[in-house]
Amino acid sequence: MLLFKYFCDNTKNLMNISSKTSNDISFEDFKKQILQDYEIAFISRACSLLGRKEVLTGKAKFGIFGDGKELPQLAMARAFKNGDFRSGYYRDQTFMMALGLLKPKDFFHGLYATTDMKKEPMSGGRQMGGHFLTYSLNEDGTWKDLTQQKNSSSDISCTAGQMPRLLGLAQASKVYRHEKGMNSTKFSDKGNEVAWGTIGNASTSEGMFWETINAGGVLQVPMVVSIWDDEYGISVPAKHHTTKEDISKILSGFQRDEEHEGYEILKVQGWDYTALMHAYENASDIARQEHVPVIIHVTELTQPQGHSTSGSHERYKDDKRLEWERDNDCNKRFKEWILESGIATDTELEQLEKQVKRDVREAKKQAWSEFLEENITAKKTLVKLMDSAAETSSNRNFLKKLKNDLIAIEEPILKDLAVASRKSLRYLLGESTPERQSLVNWVSSFLTKTQPDFSSYLYSPNDNRATNIKAIAPTYDPNAEKVDGRVILRDNFDKLFDNYPNALIFGEDTGAIGDVNQGLEGLQEKYGSTRIADTGIRETTIIGQGIGMALRGLRPIAEIQYLDYIFYAMSSLTDDLSTLLYRTKGKQKAPLIVRTRGHRLEGIWHSGSEMGGLIHLLRGMYILAPRNMTQAAGFYNTLMKSDEPALVIESLNGYRLKEPKPTNLGAFCTPIGVVETMKEGTDITLVSYGSTLRIVEQVARELIEVGIDAEVIDAQTLLPFDVKHDVVESLKKTNRLLVIDEDVPGGCSAYILNEIVEKQQGYRYLDSAPQTLTAKAHRAAYGTDGDYFSKPNAEDIFEKIYSIMHEVNPQDYPKLR
Ligand SMILES: Cc1ncc(C[n+]2csc(CCOP(=O)(O)OP(=O)(O)O)c2C)c(N)n1
Ligand SMILES: [Mg+2]
């Protein structure tokens with residue numbers, strides 16, 4: 001680092017910097033670098049100041065900026081190398097600008113929420129400004145070479161939500177450094193990459209922060225966590241957030257020493273340019289070379305404009321604090337230092353500042369006019385069409401008014417165009433003029449073109465998307481041996497780890513004993529303790545490890561020991577993983593497989609089937625509920641061929657049930673989004689999944705004895721459900737539908753009912769009311785009786801089906817009770 005060498009060799013009175021031998025650089029080079037940094041700091045500040053105005057004048061909805069945090073970000077940017085990853089939060093605009101990843105025009109497009117990714121590269125308007133990313137993927141969804149670029153994982157708004165993922169981003173370096181067989185070509189240069197985290201002081205109160213810090217210390221991964229400390233979290237001062245009001249002081253127990261591994265903890269004032277440069281270079285070396293995690297507590301930062309545009313900090317900071325913030329503004333002190341050390345003159349800096357202000361104003365103007373450009377063109381066309389339609393319509397006056405209202409909107413947004421055009425059609429009802437047809441066509445093509453800007457990329461559109469992977473049936477020897485379900489899983493995992501060098505699995509009890517049900521028995525010995533790994537009891541960071549490693553080209557399988565404990569990790573799953581492809585408009589992916597086990601075992605926390613919650617919160621992931629371990633193994637095989645995130649819920653009571661062992665382990669693929677008919681029948685269609693399906697199959701056999709021939713369908717994949725609409729074909733035959741599951745009333749069964757009755761238009765073929773049979777509204781009580789009286793049992797199912805048939809034909813099916 002040129003600049004730092006200059007300090008070491010030429011600058012006097014720099015606190016304690018150990019001198020490195022280096023070639024001197026010229027004063028001109030030194031000055032150039034300092035002025036470059038000052039310029040970036042000033043550009044960033046000018047953007048923040050103008051940005052706030054744009055919100056207050058109504059052009060943008062909300063603004064959250066990086067003012068007051070510029071200086072440490074310049075230092076971080078200088079230590080950041082190709083292949084490194086950032087996992088940060090909304091204050092980091094200066095860092096992005098320093099690396100050339102965010103231009104002032106992009107910044108303003110972000111504020112306006114321009115939908116064109118070429119103009120608003122951070123999310124095409126999906127995320128509010130201040131949420132940054134770089135592109136990991138090419139247009140076709142394949143990986144770019146991440147070692148040749150500086151990387152930023154896509155930000156989320158949830159404070160501290162960036163921390164679990166940071167752990168995985170850092171761990172990937174460690175895995176690539178130590179696991180020789182992996183394909184690291186586009187992802188790592190011998191594990192030399194550092195993952196840089198940033199977090200606000202107040203957000204260190206979150207559990208995610210502490211869980212990540214602890215796990216990082218245990219795993220010894222190359223992450224550098226910067227805490228931007230401005231002593232506030234919105235209006236709440238440090239005394240309500242942090243014990244002793246000093247986060248590095250209370251973290252000091254994590255400090256490594258001669259006997260113990262741990263963290264290197266640095267503390268530095270946020271306005272002190274030279275100390276910051278020193279700290280960041282130091283941190284980078286320690287993390288990069290030794291794979292030791294580092295915490296940098298950056299103190300005495302400020303919020304010159306308060307937290308965000310939704311309030312003013314004068315409301316909660318007293319005059320003394322406000323004055324202190326003015327005096328210690330990092331940009332101001334940086335400037336003072338430049339002047340005092342004679343690096344540049346007042347006139348030079350003022351000239352630079354003037355030029356920057358002009359450039360930023362110009363960038364803002366350009367962004368606004370680019371934001372409006374297409375809308376104004378579209379408005380012109382629409383006004384013409386509305387005018388023509390009005391001329392030939394009996395509702396001429398109403399339409400003219402609508403048109404004039406639209407004309408009056410000088411800066412139209414998409415909504416204005418949609419509202420005016422769609423409302424116009426109401427006044428043209430019953431008319432069949434070519435003018436009306438032109439307007440109808442305009443509305444249709446406008447919506448077809450516009451909606452994807454807001455809704456695309458929930459799932460992958462690419463050829464290898466999970467729902468596109470072809471089914472391959474398991475094959476069997478004629479005398480196939482019947483084995484415990486867990487053996488099929490184990491032997492299938494063995495094949496997967498053999499076939500996919502970048503695959504690894506980790507979780508509580510996953511490593512040494514090969515998971516609590518021994519679905520990985522013996523595999524740690526074979527593949528090593530990095531690829532088949534135990535973790536601490538910390539569900540959120542297990543998922544974070546998975547997300548981070550998946551972002552860096554590994555194929556992680558994160559194990560959550562029981563479904564009932566997945567809720568600890570729910571925020572990372574719903575906020576981070578499920579939204580990733582969507583919020584980046586296809587620019588980042590994390591093909592993480594989450595493996596867990598649930599359903600009908602014993603007790604409130606070991607028999608979970610909280611599927612309703614999961615299917616609603618995890619849109620963007622696949623949710624698979626295989627009925628047995630062969631189906632489960634087939635799902636893993638399918639998912640590994642694809643690159644999308646999924647949750648697989650194995651049936652807890654299925655590990656010891658016997659299944660014939662397939663001969664094509666590792667190769668057969670259970671299709672995603674496809675139901676399977678387990679038994680054909682003519683009287684009623686029964687849809688179920690997971691462990692309950694076994695009971696439904698048993699009941700279907702019992703029903704034959706009373707003359708009821710039920711068709712039994714295994715939903716198998718809940719997200720997505722039955723993409724080919726096979727269930728409605730069954731309804732055409734049976735005309736009756738019962739959905740049975742062990743979730744609460746109105747949970748997953750209601751979702752399935754909605755899919756069949758509304759989406760598949762199943763109502764057209766029904767002769768009886770469609771119904772659901774679910775568990776009770778409470779969790780399942782303990783023991784066999786607890787299960788019987790909490791979840792739908794065989795008698796419940798039998799009686800429910802019988803009562804439907806009784807209603808149809810009381811003579812053949814007289815009242816049961
Ligand atoms: C989980 C979560 N809770 C609350 C919020 C609302 N919120 C946004 S920023 C913020 C304060 C964060 O303060 P700090 O971490 O110190 O960062 P700063 O804004 O001061 O840089 C809060 C409470 C949020 N975004 N996420
Ligand atoms: Mg703060």
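Please refer to the structure higher up on the page.
Below you will find a few notes about this structure. (Residues numbered from 1 in each chain as written. Chains lettered and ligands numbered in written order. Predicted model: local features only at pLDDT ≥ 70, side-chain atom pairs only at ≥ 80, totals over all residues. Heavy atoms only, no water.)

A word on the environment of Ile-513
(1) Moving on: Tracing the sequence through the fold places Ile-513 in the loop between β10 (503-507) and α17 (523-527).
(2) Moving on: Linking Ile-513 and Ile-376, residues 137 residues apart in sequence, is a C-alpha distance of 65 Å. (Helix = DSSP H or I, 4+ residues; strand = E, 2+ residues; numbered from the N terminus.)

Some remarks on the site of ligand 1
(1) Moving on: For ligand 1, the set of nearby residues contains 18 residues, the closest of which are Tyr-89, Tyr-90, Arg-91, Asn-201 and Ser-203.
(2) Moving on: Residue Ser-157 places a main-chain N or O atom 3.0 Å away from a nitrogen atom belonging to ligand 1.
(3) Moving on: Measuring from an oxygen atom of ligand 1, one finds a side-chain N or O atom of Asn-201 at 2.8 Å.
(4) Moving on: Across the complex, the protein chains shield 71% of the 590 Å² of accessible surface that ligand 1 would expose by itself.
(5) Moving on: Looking at the shell around ligand 1, its residues break down into six nonpolar, eight polar and four charged. (Near = heavy atom within 4 Å. Polar contact = N/O pair within 3.5 Å; in protein donor to acceptor, adjacent residues only side chain to side chain. Areas by Shrake-Rupley, 256 points an atom, 1.4 Å probe, with all protein chains shown as cover. Nonpolar A, V, L, I, M, F, W, Y, C, P; charged D, E, K, R; others polar.)

Quick notes on helix α25 (residues 748-759)
(1) Moving on: Across its twelve residues, α25 extends 15 Å between first and last C-alpha, which sits within 8% of the 16 Å expected from 1.5 Å per residue.
(2) Moving on: Those residues of α25 lying buried are Cys-748, Ser-749, Tyr-751, Ile-752, Leu-753, Glu-755, Ile-756 and Val-757.
(3) Moving on: For α25, the secondary structure elements touched by its buried residues are α21 (611-617), β18 (684-688), β20 (717-719), α24 (726-734), β21 (737-740) and β22 (771-773).
(4) Moving on: Directly after α25, the chain includes Gln-761, whose backbone phi takes a positive value near 55°. (Expected span 1.5 Å × (residues − 1). Buried < 20%, exposed > 50% of the residue type's maximum accessible area, 1.4 Å probe, protein only. Contact = heavy atoms within 4.5 Å.)

So, the coordination of the magnesium ion (ligand 2)
(1) Moving on: Summarising the metal site, the magnesium ion (ligand 2) is bound by the protein donors Asn-201 (OD1), Asp-230 (OD) and Tyr-232 (O), whose distances to it range over 2.0 to 2.1 Å.
(2) Moving on: Sequence spacing of the donor residues for the magnesium ion (ligand 2), all on one chain, is N-x28-D-x1-Y. The pair formed by Asp-230 and Tyr-232 is uniform in burial state, with each residue classed as buried. (Donors = N, O, S within 2.8 Å, 3.2 Å for Na, K, Ca; no water.)

Brief notes about the sheet that holds strand β1 (residues 85-87)
(1) Moving on: Within the open sheet, the six strands sit side by side as β2-β1-β3-β4-β8-β7. Their pairing is parallel. If you trace the sheet from one side to the other, it starts and ends with β2 (151-152) and β7 (264-269), each paired once.
(2) Moving on: Both strand β4 (residues 223-228) and strand β8 (residues 294-299) contribute to a ladder of five bridges, which runs parallel. Note that in β8 the partner of Val-225 across the bridge is Ile-295. (Pairing = 2+ DSSP bridges.)

Quick word on the environment of Asp-787
(1) Moving on: Looking at the element boundaries, Asp-787 is found in helix α26 (residues 783-790).
(2) Moving on: Those residues in contact with Asp-787 that lie beyond four places of it in its chain are Arg-600, Leu-601 and Ala-781.

Examining the pattern of salt bridges
(1) Moving on: Considering all chains together, one arrives at 54 salt bridges under this definition.
(2) Moving on: A salt bridge links Arg-396 to Glu-391, with the nearest nitrogen and oxygen atoms 3.5 Å apart.
(3) Moving on: A relative accessible area of 34% means that Arg-396 is categorised as partly exposed.
(4) Moving on: Shared partners join several salt bridges into a network, and the residues in it are Asp-387, Glu-391, Arg-396, Lys-400 and Lys-403. (Salt bridge = Lys/Arg side-chain N within 4 Å of Asp/Glu carboxyl O.)

Observations concerning a negative patch on the surface
(1) Moving on: On the surface, Asp-318, Asp-319, Glu-323 and Asp-327 cluster together into a patch of negative charge.
(2) Moving on: Turning to its location among the elements, Asp-318 is positioned in the loop between β8 and α10 (319-328). (Patch = residues over 30% accessible without salt bridge, like charges linked within 9 Å, V, L, I, M, F, W, Y side chains within 5 Å. Lys, Arg positive; Asp, Glu negative; His and termini not counted. Charge placed at Lys NZ, Arg CZ, Asp CG, Glu CD.)

As for the nonpolar core
(1) Moving on: Grouped together as the largest cluster of nonpolar side chains are 80 residues, with contacts concentrated most on Val-225, Leu-573, Ile-623, Val-687, Leu-718 and Ile-752.
(2) Moving on: If near-sequence neighbours (up to four positions away) are discounted, Ile-623 is found in contact with Met-611, Leu-614, Ile-615, Leu-618, Leu-647, Ile-649, Thr-717, Leu-718 and Leu-719. (Core = buried A, V, L, I, M, F, W, Y, C linked by side-chain atoms within 4.5 Å.)

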